[in-house]
Amino acid sequence: TLTTQGVKQGLVDGAPLPPWLTDAKYLSPLLIAYDDRIAQQEELLKQREEQFVGLKKDTQDLEFTERIELLTKENDVLVHQQRDQTAHLSELNKQLESRTQEVVSLGSELGYCTRSLSKAEADVADLDSVCMELQGELKRMTQKCVEQERKIGKLQNE
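Below, the structure is looked at part by part. (Residues numbered from 1 in each chain as written. Predicted model: local features only at pLDDT ≥ 70, side-chain atom pairs only at ≥ 80, totals over all residues. Heavy atoms only, no water.)

1. Quick look at the overall build of the protein chain
Just so we agree on the cut-off: Under the DSSP-based scheme used, a helix requires at least four consecutive residues in state H or I and a strand at least two consecutive residues in state E, with every element numbered from the N terminus. Only C-alpha atoms enter the radius of gyration; for comparison, a globular chain is expected to reach 2.2 Å times N to the power 0.38, where N is the number of residues. Exposure categories follow from relative accessible area, calculated using a 1.4 Å probe and restricted to protein chains: below 20% of the type maximum is buried, above 50% is exposed, and the middle band is partly exposed. Where accessible areas are quoted, they stem from the Shrake-Rupley method and a 1.4 Å probe; at the residue level, only the protein chains shown are allowed to cover. The positive count covers Lys and Arg only, the negative count covers Asp and Glu only, and His and the chain ends enter neither. Think of each charge as sitting on NZ of Lys, CZ of Arg, CG of Asp or CD of Glu.
Each helix and strand counted, the protein chain has three helices and zero strands in total. Going residue by residue from the N terminus, the α and β elements of the protein chain occur as α-α-α. Relative to the 2.2 N^0.38 estimate, which gives 15 Å for 158 residues, the radius of gyration of the protein chain is 62 Å and therefore markedly larger than a compact globule would have. Taking the principal axes of the C-alpha coordinates as reference, the protein chain spans close to 200 × 30 × 15 Å. Every one of the 158 residues in the protein chain was classed for burial, and the buried ones make up 1%. For the protein chain, the accessible surface area stands at approximately 14,800 Å², while carbon and sulfur atoms represent 58% of it. Of the side-chain charges in the protein chain, 20 are positive and 29 negative, and the distance between the mean point of each set is 8 Å.

2. Concerning the environment of R37
For R37, the location among the structural elements is in helix α3 (residues 24–157). Since its relative accessible area comes to 48%, R37 is described here as partly exposed. Separated by 15 residues in the primary sequence, R37 and F52 have C-alpha atoms spaced 22 Å apart.

Encoded structure:
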């Protein structure tokens with residue numbers, strides 16, 4: 001704002017005030033021009049604020065786009081890893097099935113061998129029993145032979 005003293009400093013001492021400062025018909029257009037200039041500046045400020053908001057939104061959109069791209073790349077890596085692990089798991093399942101079949105086959109063979117061993121042990125027990133009977137009979141026969149040889153020896157001595 002202009003003060004009377006501030007205006008007087010730019011004037012010669014004792015000179016009358018200029019009409020644009022004291023006459024309403026000159027002052028009103030100046031105030032209107034001043035108000036217009038303020039309105040222009042406010043409109044320019046409003047436009048700049050809208051531009052700033054737009055730039056801020058564009059920046060956020062760009063950040064979101066970059067974030068989405070990063071997440072997409074990370075997702076692609078994870079999908080690739082999942083495929084690899086799924087393939088590996090499938091291979092392990094095949095190995096497990098093969099080994100399970102081997103275990104079943106070996107279990108079946110073990111059962112057959114166990115039954116064969118039990119039968120062989122039973123046969124051995126039977127043969128042991130027969131062997132003992134035969135040894136007993138052999139012993140008896142040997143004793144009879146010894147007796148017969150004695151009798152023969154006695155008869156020859158007579």
